[in-house]
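Okay, here's what each chain looks like letter by letter:
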Amino acid sequence: MPRCTALLATLLLLAPALATAQTMSLKGRFRDPVTQIAVPGVQVKLTAYGDTSEVHRATAKDDGSWEIRGLAARNYRLEATRLGYAPLKMVIRVNTSGQ
């Protein structure tokens, strides 16, 4: 019984830390604007606005899909490039769930 109590106490102490350490993900899919065919191999780069040393990267899969995990709630500069296409550059805001 003491082992269960210690485990429960540990979980209760960790709960606030886990709640504040929430991270989000961003995902998307690239398609050709004319043919609507998936565009694989697009290089995606996310750079945090407040801290340019925070850089996340992904490469679009064969179906054009990509995902970047472990993002904090903040503004990012998104850059997507692929040979034969104009680069995509935009600023996005990642919010916590429910916002």
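Residues numbered from 1 in each chain as written. Predicted model: local features only at pLDDT ≥ 70, side-chain atom pairs only at ≥ 80, totals over all residues. Heavy atoms only, no water.

(A) Main features of the environment of glycine 50. As for its placement among the helices and strands, glycine 50 is situated in the loop between β2 (43-48) and β3 (55-59). The exposed category is assigned to glycine 50, whose relative accessible area is 75%. The spacing of glycine 50 and tyrosine 76 is 26 residues in sequence and 8.4 Å in space, taken between C-alpha atoms. (Helix = DSSP H or I, 4+ residues; strand = E, 2+ residues; numbered from the N terminus. Buried < 20%, exposed > 50% of the residue type's maximum accessible area, 1.4 Å probe, protein only.)

(B) Structural context of the sheet that holds strand β5 (residues 74-81). Taking strand neighbours across the sheet as the criterion, the four strands line up as β3-β2-β5-β6 in an open arrangement whose pairing is antiparallel. A strand with exactly one partner marks an edge of an open sheet, and here the two such strands are β3 and β6 (88-94). The average angle at which neighbouring strand axes cross in this sheet is 20 degrees, direction not considered. Pairing analysis gives seven bridges linking β5 to β6, with the strands arranged antiparallel. For glutamate 79, the partnering residue across the bridge sits in β6 and is lysine 89. (Pairing = 2+ DSSP bridges. Axes fitted to C-alpha atoms, helices over the stretch in contact; angles between N-to-C directions.)

Keep in mind these numbers describe shape, not what the thing actually does.
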